[in-house]
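Analysis of the macromolecular model
Now for the letters of each chain:
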Amino acid sequence: MLSWGSAQSLGKFDQEKGSENDRPDFFGEDQLFVILEFEFGGSDLENMNGKLSSMTQAKSILHQVTAALAVAEQALCFEHRDLHWGNILVKTTKHKNNEFILNGSVNSVDTRGVHINVIDYSLSQLEIDGLTVSCDIANDEELFLGQGDYQFEIYRLIRKENNGGCPVDPNTKVHTCNCWSEYNPHSNVLWLHYLADKLLAMRYKTKAQSSQLKAVKNNLQAFRSEILSFSSATDALLHCSLFR
């Protein structure tokens with residue numbers, strides 16, 4: 001385990017691996033910390049570029065993420081709202097199938113040797129025991145100014161959809177409200193479109209040259225083309241051609 005007291009080690013880790021977090025020695029001597037220990041969830045999808053065996057694993061990842069979102073939608077009226085590829089962890093598994101329950105029925109996903117975990121619910125919304133739990137990012141303008149990746153466009157698209165029912169100021173042409181408390185499961189669909197785009201752009205150990213892998217790639221491209229027409233991850237899971 002990396003010692004927090006070793007600034008030199010921390011600097012080396014940041015240079016070799018990269019870190020988006022503040023160095024602990026940045027804080028004062030009286031700063032208190034909490035250490036949480038978790039099961040290894042996997043490596044984030046961004047760092048799996050070039051490490052997945054083929055697009056068959058990409059299809060399984062997409063299927064597993066869609067199923068996870070669908071189950072959460074049905075159970076908790078859930079929106080992730082920040083499902084970029086850094087928040088999808090991938091690890092190997094010996095299980096051939098992952099089971100999930102949707103609408104009372106047991107279903108399964110072919111793992112193709114990979115298991116996914118979805119993390120980071122900082123911006124997420126859910127409903128539980130009659131209460132809506134969410135993060136109000138209406139005033140976090142910096143979140144919507146990012147450029148250079150489709151991820152940042154997704155934030156703006158979600159905001160646009162959330163504001164769809166609001167009146168527009170005739171002078172500024174801007175929506176007069178910025179509501180993040182309403183349930184809009186189509187935001188999960190937007191992130192699935194983003195994910196399909198990333199998976200199609202990734203490198204794989206085995207290129208899609210065989211007829212079988214070409215068919216998988218074509219199916220993923222078809223998914224990317226049609227996914228935005230679905231109202232939610234649940235709708236996509238039940239009716240999208242990729243999962244039939």
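Residues numbered from 1 in each chain as written. Predicted model: local features only at pLDDT ≥ 70, side-chain atom pairs only at ≥ 80, totals over all residues. Heavy atoms only, no water.

**Details of the layout of surface pockets**
Applicable threshold: Both site types are read off a 1 Å grid over the protein atoms alone. A 1.4 Å probe that fits but cannot get out defines a cavity, while an open set with protein on both sides within 12 Å along at least five of seven lines defines a pocket; lining residues have an atom within 4 Å of a point. Grid points are joined across faces, edges and corners, and a volume is the space filled by probe spheres set on the points. A run of DSSP states H or I qualifies as a helix once it reaches four residues; a run of E qualifies as a strand once it reaches two. Both are numbered from the N-terminal end.
Counted as a void, the second largest pocket has a volume near 280 Å³. Around the second largest pocket sit 16 residues that line it, and Gln64, Ala67, Ala68, Leu69 and Ile116 are the ones nearest its centre. Of all elements in the fold, only helix 2 (55–76), strand 3 (97–102) and strand 5 (114–118) reach the threshold of two or more residues within the lining of the second largest pocket. Take the lining of the second largest pocket: its biggest share by element is six residues, from helix 2.

**Topic: the sheet that holds strand 2 (residues 88–92)**
The test is simple: Here, strands pair whenever DSSP counts at least two bridges between them.
Here three strands make up an open sheet; going across it, the order is 1-2-5 and the pairing antiparallel. Edge strands, defined here as strands with exactly one partner in the open sheet, are strand 1 (43–44) and strand 5. Sheet topology note: the strand 2/strand 5 ladder contains five bridges and is antiparallel. Note that in strand 5 the partner of Ile88 across the bridge is Val118.

**Structural notes on the nonpolar core**
The following threshold applies: Here, nonpolar core refers to any group of buried Ala, Val, Leu, Ile, Met, Phe, Trp, Tyr and Cys residues whose side-chain atoms link them within 4.5 Å. Only protein chains enter the area calculation, which uses a 1.4 Å probe; residues under 20% of their type maximum are buried, those over 50% are exposed, and those in between are partly exposed. Here a residue-residue contact requires only that any non-hydrogen atoms of the pair lie within 4.5 Å.
In terms of nonpolar packing, the biggest core is built from 54 residues, with Leu45, Leu52, Leu62, Val65 and Phe223 touching the most fellow members. Mapped onto this core, the elements with two or more residues apiece are helix 2, strand 2, strand 3, strand 5, helix 3 (150–162), helix 4 (186–201), helix 5 (211–226) and helix 6 (233–239). Discounting chain neighbours no more than four positions away, the residues touching Leu62 are Leu192, Leu195, Ala196, Leu199, Leu220, Phe223, Leu242 and Phe243.

**Concerning the pattern of salt bridges**
Stated formally: Criterion for a salt bridge: a side-chain nitrogen of Lys or Arg within 4 Å of a carboxyl oxygen of Asp or Glu.
Going through the model one piece at a time under the given rule, you end up with seven salt bridges. Put simply, Arg112 and Asp110 hold a salt bridge, and the shortest N to O gap is 3.5 Å. Residue classification places Arg112 among the partly exposed residues on the basis of a relative accessible area of 44%. Judged by its relative accessible area of 38%, Asp110 is partly exposed. The salt bridge partner of Arg156 is Glu153, with a shortest N-O separation of 3.2 Å. Of this pair, Arg156 and Glu153 are both found in helix 3, three residues apart, which corresponds to roughly one turn of the helix. Assessed through its relative accessible area of 31%, Glu153 is described here as partly exposed.

**Some points on a nonpolar patch on the surface**
For clarity, the threshold we go by: In this analysis, a patch consists of residues with relative accessible area above 30% that form no salt bridge, clustered at 9 Å for like charges and at 5 Å for the nonpolar side chains Val, Leu, Ile, Met, Phe, Trp and Tyr. The Shrake-Rupley method, run with a 1.4 Å probe, gives the accessible areas here. Residue values count only the displayed protein chains as cover.
A grouping of Phe26, Phe27 and Phe33 is seen on the molecular surface, where their side chains present a nonpolar patch of about 330 Å² in accessible area. Within the element layout of this structure, Phe26 appears in the loop between helix 1 (7–16) and strand 1.

**Considerations on the pairing of strand 6 (residues 125–128)**
Note that strand 6 and strand 7 (residues 131–134) share four bridges and pair antiparallel. By the bridge assignment, Leu126 is partnered in strand 7 with Val133.

**Remarks on the environment of Ser54**
The test is simple: Throughout this description, a polar contact denotes any pair of N or O atoms lying within 3.5 Å of each other; where both atoms belong to protein, one of them has to be capable of donating a hydrogen while the other can accept it, and for residues adjacent in sequence the pair is counted only when both atoms sit in side chains.
Turning to its location among the elements, Ser54 is positioned in the loop between strand 1 and helix 2. Residues Ser54 and Lys205, spaced 151 residues apart in sequence, show a C-alpha to C-alpha distance of 6.1 Å. Sequence-distant contacts of Ser54, that is, excluding residues within four places in its chain, are made with Tyr204, Thr206 and Leu213. In terms of polar contacts, Ser54 uses its side chain to reach the side chain of Thr56, at 2.7 Å.

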